[in-house]
Amino acid sequence: MHLDNPQQLIDWHDKIIAKQKKIKKKILVCCGPGCLANGAQDIIDKFKTVLKEKKISGFTVEALKETGCHGFCEQGPLVVMEPKGLYYTKVKVKDVEDIIEQSIKNDKIIDRLLYNDPQTDKKIERYQDIKFYSHQKKVVLNNLGNINQCNIEDYIANDGYQALSKVITSMSPQKVIDTITKSGLRGRGGAGFPTGRKWATCRKVESDTHYVICNGDEGDPGAFMDRALMEGDPFSVLEGMTIAAFAVGAKQGYIYVREEYPLAVVNLQKAIEIANEKGLLGDNILGTDFSFNIKISRGAGAFVCGESSALMKSVAGEVGEPRAKYVRSVVKGLYDRPTVLNNVETFANVPIIIRKGASWYQKIGTPKNSGTKAFSLVGKVRNTGLIEVAMGTTLREIIYDIGGGIIDDRPFKAVQTGGPSGGCLPASKLDLPVDFDSLNEAGSMMGSGGMIVMDDLTCMVDVAKYFLGFLVNESCGKCVPCREGLYQLHALTVKVSEGKAEEADLEKMEKLSEMVIIGSLCGLGKSGPNPLLSTIKYFRDEYMAHIRDKRCPAGVCRALITYKITDACTGCMACIAPCPTNAITGKKNEMHVIDQELCTKCGACFAVCRYDAILVS
Amino acid sequence: MVNLTINGRIVQAKEGEMLLTVLRREKIDVPALCHHEAVEPFGACRLCTVEITKEDWNGYSNYVTSCLYPVEEGLIVSTHSPKVNELRKTILDLFLARHPNSPEIRQLAADYGVFKTSYETVVDGNNCILCAICTRICDTMGFHAISTVGRGHGKEVAPPLHQVPPDCVGCLACALNCPTHYIEYTFDNNYLTIWDKKFELMVCSRCGKKTITKEFAEYLSKHRDIPFSYFEICDECHRKELAATMGQITSWEREA
Ligand SMILES: Cc1cc2nc3c(=O)[nH]c(=O)nc-3n(C[C@H](O)[C@H](O)[C@H](O)COP(=O)(O)O)c2cc1C
Ligand code: FES
């Protein structure tokens, strides 16, 4: 069915709602990246076969939803049963029949599949009661756990495309821009530029064509918010882009997706085809004279291609190297035409703002940072996964309430936000509200939403070294301060980690960092020294320990540590075979010794010792 | 026309002109290694960076590469402020660590008071400074025979797949414009070799001197509409012939 006017969309919506009302119980199986990797597809298949065989009254395959990421990936595969919100974790294929027999047919709870709160050691039945979820504020990720990934009926049942319809029937492009401006929405790709202002500038530029591009490059190591949205709720991204196109007067759009996300490409492609078929994308949308087409452009998998000017070159088929932006891309972007580029999450916010109004949105978060932000919470916290919080939520709430605190109750040391462009914040900053401005001020960055929690066993010199090493390879290599400057900064961190640096090197790093920041051509170089500078700022003592005392307090930097066997050793011989250089000798039931000459400090013995007999110092 | 202030002096320039062009015209010495008149500005070496501000910027200033910055009314430029000098020194210091054996780099660094790098010398650092003048000129000439490949610190200039470049015609534009004379080529009897590709040279039918490569002559005659026979005579003999022709014309005119 092709929708030829807005009324037909309303009728279709009502029809879908009437149909879905009949479904009293729903089984939501998470098909996000984490759960799929743990076998969610087999679980879905099993549910389908069993449901077909068993024929439960009032219950059909339609009640089974293959949803996007629920966020709590480490507990997956996840199965949620609505309306109660019954929450099963680590589900296996062999559990499926049980779930149907007991929980679907007889409303019984299967104890062994419930989530166990590691802090209280109590089982929790409903996901609303799990702290990982209860402290979150789901706005932009709301559809993810609730609807079938590429199912437009589900999207429409959840008020999808109402915003587009509203825009087309009752708003002028200027009104749309005013609404977005008033909502205070800032770009979720990292820099936090006001979206409304970007659109307004682009709209004013006279040109034969304008373009809208969605940045789905998501290059920060470990981040997967944009991936989850593109895979799990592709229509929201398309709707947001279409509204942007209406606002700025664009007819063509592109979604730039990194190569490592094949499922995102498949789902977006499917969604584009469906939207085209229904008249919600393409020529004469909803029967009006507004037309907009979207193409997918596949990235080359380079971090720097997420940078706006490099991305546009890549879309145009050129080498993804940034250019100077003294003339901005909203004025002269893709093919030298005015171009709006926004992040995936930014676009996904747009339909919600239009539908619920700017004032509603503004009330979430803080005055200058309205709305929510999605993060991928990883590292040494108990609960890792995809989360969404209101702007202004403190780091402490995220790490301790949602994240459940540090694994093994070790001391918290630092949290890294913003990926290679961001920084590390120490315990003294735990009460910092998470928003663009506070993070910048503290020497870090929002970035696209990676959040890595570190405990006392993490060495901050090592962290700085890791990110600099990443950037040395990922810089486009065009400009000298970035290419050579980051290389030398990395070399200096290596020197520190090997105990070969002098105090003067610390100052040298700070000075060179400043030059890399002012001298580099694009944002990669301009923010590249952040991980280094923030660790020097907050963990100077740790640098000094490496430099002055030739000691790595966290026991990480190989050149500065020794592994010794203490008299806790029982002589179990477990560590002898794993040692790659045969440095450990000893007879059964006698204390073993490590030959320091041969030891490469790989830590293999430490990892296998069950008696805590190996000491790192 | 716009008015701008450069190092305290008021200067006029055409709207939209690049700042470096104005600086060069005003004989203000600003170094630049990736800039070349034949190609679009690139902004890679960052040596031409200057500090800019405006009356209404409330004391805020910005650092921009002059090669890429279009001039505007009221711009206030310092080409040698302390921070700018420090940046140039740092860049040259970094260059020196990577290309310690390049005479051109050593000279320029010495001009800025950098005689020895304060960083770790890069092992295997060759003399290619990755200014990409060669690849950009090659593109402008229409050959696209070489390009930069890879990214990050391992980026380099190379022919496709590091093979003998099929599209190279041996015009030598890359080598002759390389600011550090890194691109090697050799003449050997009737042959020119560059990028491991061996070209036969044309021989002047008048004097027997060697001229350009046959491939280059063919390209020019095909794409620039010049008769191929034009390249069978060397430049000098063309001039001699021109002198003879002019003499002939003068004598005809006198007779008439
Ligand atoms: C090195 C570098 C990498 C970037 N990577 C991304 C990315 O992966 N995704 C993204 O949305 N923005 C990325 N950005 C930011 C974009 O340049 C751009 O600001 C953003 O996509 C604009 O959208 P927004 O206003 O909605 O945030 C990156 C910037 C830099 C300098
Ligand atoms: S001339 Fe190299 S950056 Fe301007």
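Everything below is about the structure shown above.
Asks: Help me out: how do you make sense of a nonpolar patch on the surface in this one?
Replies: Residue and element names in this part refer to chain B. A contiguous nonpolar patch, built from Leu242, Met246, Ile249 and Trp252 and spanning about 420 Å² of accessible area, is present on the exposed surface. Its location among the elements puts Leu242 in helix α7 (residues 235-255). You can call Leu242 exposed: its relative accessible area is 51%.

Asks: How should I be thinking about the packing of helix α18 (residues 460-474) of chain A against helix α22 (residues 530-538) of chain A in this particular structure?
Replies: All names here are of chain A. Between α18 and α22, whose axes approach to 8 Å, the crossing angle comes to 170°. If you check the angle between α18 and α22, you find them roughly antiparallel. Residue-level contacts link Met460, Ala464, Phe467 and Leu468 of α18 to Pro531, Leu532 and Thr535 of α22. For the contact of α18 with α22, the residue count by class is 6 nonpolar, 1 polar and no charged.

Asks: What is the right way to look at the sheet that holds strand β8 (residues 252-257) of chain A in this model?
Replies: Residue and element names in this part refer to chain A. On the basis of which strands lie adjacent, the open sheet formed by 4 strands has the order β9-β8-β7-β10 and parallel pairing. Since the sheet does not close on itself, it has two edges, and those belong to β9 (293-298) and β10 (339-343), each with one partner. Shown here is a sheet whose adjacent strand axes are inclined to one another by a mean of 20°, direction ignored. Strands β7 (211-216), β8, β9 and β10 of the sheet are contacted by helix α11 (residues 234-248), whose axis makes an angle of about 150° with β7.

Asks: Before we go on, may I ask you to explain the layout of surface pockets in this structure?
Replies: Which parts of space are left empty comes out when a probe the size of a water molecule is rolled across the atoms. The computed volume of the second largest pocket comes to approximately 1,300 Å³. Contributing to the lining of the second largest pocket are 35 residues, with A:Lys313, A:Glu318, A:Arg323, A:Lys478 and B:Pro41 lying nearest its centre. Of the residues forming the lining of the second largest pocket, the biggest block, 4 residues, is contributed by helix α4 (residues 133-141) of chain B. Residue composition of the lining of the second largest pocket, grouped by class: 17 nonpolar, 7 polar and 11 charged.

Reading the values: the criteria
Residues numbered from 1 in each chain as written. Chains lettered and ligands numbered in written order. Predicted model: local features only at pLDDT ≥ 70, side-chain atom pairs only at ≥ 80, totals over all residues. Heavy atoms only, no water. Patch = residues over 30% accessible without salt bridge, like charges linked within 9 Å, V, L, I, M, F, W, Y side chains within 5 Å. Areas by Shrake-Rupley, 256 points an atom, 1.4 Å probe, with all protein chains shown as cover. Salt bridge = Lys/Arg side-chain N within 4 Å of Asp/Glu carboxyl O. Helix = DSSP H or I, 4+ residues; strand = E, 2+ residues; numbered from the N terminus. Buried < 20%, exposed > 50% of the residue type's maximum accessible area, 1.4 Å probe, protein only. Axes fitted to C-alpha atoms, helices over the stretch in contact; angles between N-to-C directions. Parallel < 35°, antiparallel > 145°, perpendicular 65-115°, else oblique. Contact = heavy atoms within 4.5 Å. Nonpolar A, V, L, I, M, F, W, Y, C, P; charged D, E, K, R; others polar. Pairing = 2+ DSSP bridges. 1 Å grid on protein atoms, 1.4 Å probe; cavity = no way out; pocket = protein on both sides within 12 Å on 5 of 7 lines; lining within 4 Å. Points joined across faces, edges and corners; volume = space filled by probe spheres on them.

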